[in-house]
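# Working through the structure, step by step
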Amino acid sequence: MVPTHKARELMPRIGTVLTDYEALTDDGTFDLGTVERRVKIGCADNAVIAFCRHLVAETMEKAPHIAYAFYPLQRERLTQLRTGVLDFVISPLMGMESGFHSLMLGTNDYSLVCAPNHPILKALETHRTGVSDEEVLKYGFIDVVFQSDHMTNAVTLRESAFPTWIGAKTVARTAFFLPVLSFLHEAPLLAILPRCTAVLMAGEGRFSIVPTITKSNSHQVQLIWHDRIHNDPLMQWVRSMIFTCAKR
């Protein structure tokens, strides 16, 4: 059976009704050893690496029946929080409405990365403090965008983090970070990654971080949730776990 268009429209509201119904029979207490819940988090796949890398393992030790589901960020992320499609969103704060709450997890700045054999690395032999904008703009980019719908017109991470490189050529776009690894090793391309992710993966020898004269902008990354779960004791515990793991 396939849900109709009307059924898909009703699903967020039905989820909210079911959540409210469960709350009626909840005695207000919970045992971490036995409580069962699926926590739904909207974020970029990079955020799982940067802020939630230890979350699953540590939750398994304390609350073995809690499961996490990570979903791509959508334009309607606040609506998804309000209706119960998502419990949390991890992203920079982009316009907050009443009834929402946020907690800063950290600050992202960004790095230029390439394959270990990329020709741009030769420029560091004469420019040890970093390559120039002119050198960077010689090469094409595999660009990450966070807007999964209408990606053609979406602002890329490169344009947001390094506005002076807005004129660079985009060879490919992706809403995910994982394909970047493959593209970088198949062609002489460049990419922008959050520094914490770049450092982790460069340490594994997957690619090289390219020092640049121009430094990136930075963004504060927030954990965002709605009043709907604000006073839920279990979700309060989950929030503290996400915050603790993000600071490690």
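Below is a short write-up of the structure. The structure displayed is predicted, hence computed values, not measured ones. (Residues numbered from 1 in each chain as written. Predicted model: local features only at pLDDT ≥ 70, side-chain atom pairs only at ≥ 80, totals over all residues. Heavy atoms only, no water.)

### Digging into helix H3 (residues 55-62)
Residues of H3 that are buried: Leu55, Glu58 and Thr59. Take H3 and look down its axis: the buried residues cluster within an arc of 100°, on one side only. In H3, those exposed residues whose orientation departs by more than 90 degrees from the buried face are Met60 and Glu61. For H3, the elements touching its buried residues are strand E1 (37-43), strand E2 (66-71) and helix H10 (233-246). (Buried < 20%, exposed > 50% of the residue type's maximum accessible area, 1.4 Å probe, protein only. Helix = DSSP H or I, 4+ residues; strand = E, 2+ residues; numbered from the N terminus. Arc of directions from axis to C-beta. Contact = heavy atoms within 4.5 Å.)

### A short note on the packing of H3 against H10
Running from N to C, H3 and H10 point in directions that differ by 135°, and their axes come no closer than 10 Å. Considering their axes alone, H3 and H10 lie oblique with respect to each other. Handedness of the H3/H10 crossing: right-handed. Counted together, Leu55, Glu58, Thr59 and Lys62 of H3 and Trp237, Met241, Ile242 and Cys245 of H10 form the full contact between these two elements. (Axes fitted to C-alpha atoms, helices over the stretch in contact; angles between N-to-C directions. Parallel < 35°, antiparallel > 145°, perpendicular 65-115°, else oblique. Left-handed = near helix turned anticlockwise from the far one by under 90°.)

### Thoughts on the side chain of Thr83
In this structure, Thr83 sits in helix H4 (residues 77-83). From its side chain, Thr83 meets the backbone oxygen of Thr79 in a polar contact 2.9 Å long. (Polar contact = N/O pair within 3.5 Å; in protein donor to acceptor, adjacent residues only side chain to side chain.)

### Details of the sheet that holds strand E4 (residues 100-108)
As summarised here, the arrangement of the five strands in space is E2-E1-E3-E10-E4, forming an open sheet in which the pairing is mixed. The sheet is open, and its two edges are formed by E2 and E4, each paired on a single side. Each strand of the sheet is rotated relative to its neighbour by a mean of 25°, with strand direction disregarded. When strand E3 (residues 88-92) meets strand E10 (residues 219-226), the two strands line up antiparallel, connected through four bridges. (Pairing = 2+ DSSP bridges.)

### Points about the pattern of salt bridges
Counting across every chain of the model gives six salt bridges. Between Arg37 and Asp232 there is a salt bridge whose closest N-O contact spans 3.3 Å. Residue Arg37 is located in strand E1, and its partner Asp232 is located in the loop between helix H9 (227-230) and H10; the two are separated by 195 residues in the primary sequence. Taking the relative accessible area as the measure of exposure, Arg37 reaches 28% and is therefore partly exposed. Residue Asp143 is joined to Arg158 by a salt bridge in which the shortest nitrogen-to-oxygen separation is 2.8 Å. Linking Asp143 in strand E6 (residues 140-144) with Arg158 in helix H6 (residues 157-161), this pair joins segments that are 15 residues apart in sequence. Relative accessible area serves as the criterion here: at 1%, Arg158 is assigned to the buried category. (Salt bridge = Lys/Arg side-chain N within 4 Å of Asp/Glu carboxyl O.)

### Here we look at the packing of aromatic side chains
Tallying each qualifying case throughout the model produces four aromatic pairs. With a centroid separation of 6.4 Å and an interplanar angle of 65°, the aromatic rings of Phe88 and Trp225 are classed as edge-to-face. A residue pair is termed long-range when its members are at least 10 positions apart, and Phe88 in strand E3 and Trp225 in strand E10 qualify at 137 residues. We note that Phe88, like Trp225, is buried. With a centroid separation of 6.3 Å and 40° between ring planes, the pair formed by Phe141 and Trp165 is classed as tilted. Here Phe141, found in strand E6, pairs with Trp165, found in the loop between H6 and strand E7 (169-174); they are 24 residues apart in sequence, far enough to count as distant. Assessed through its relative accessible area of 0%, Phe141 is described here as buried. (Phe/Tyr/Trp six-rings, centres within 6.5 Å; stacked < 30°, edge-to-face > 60°.)

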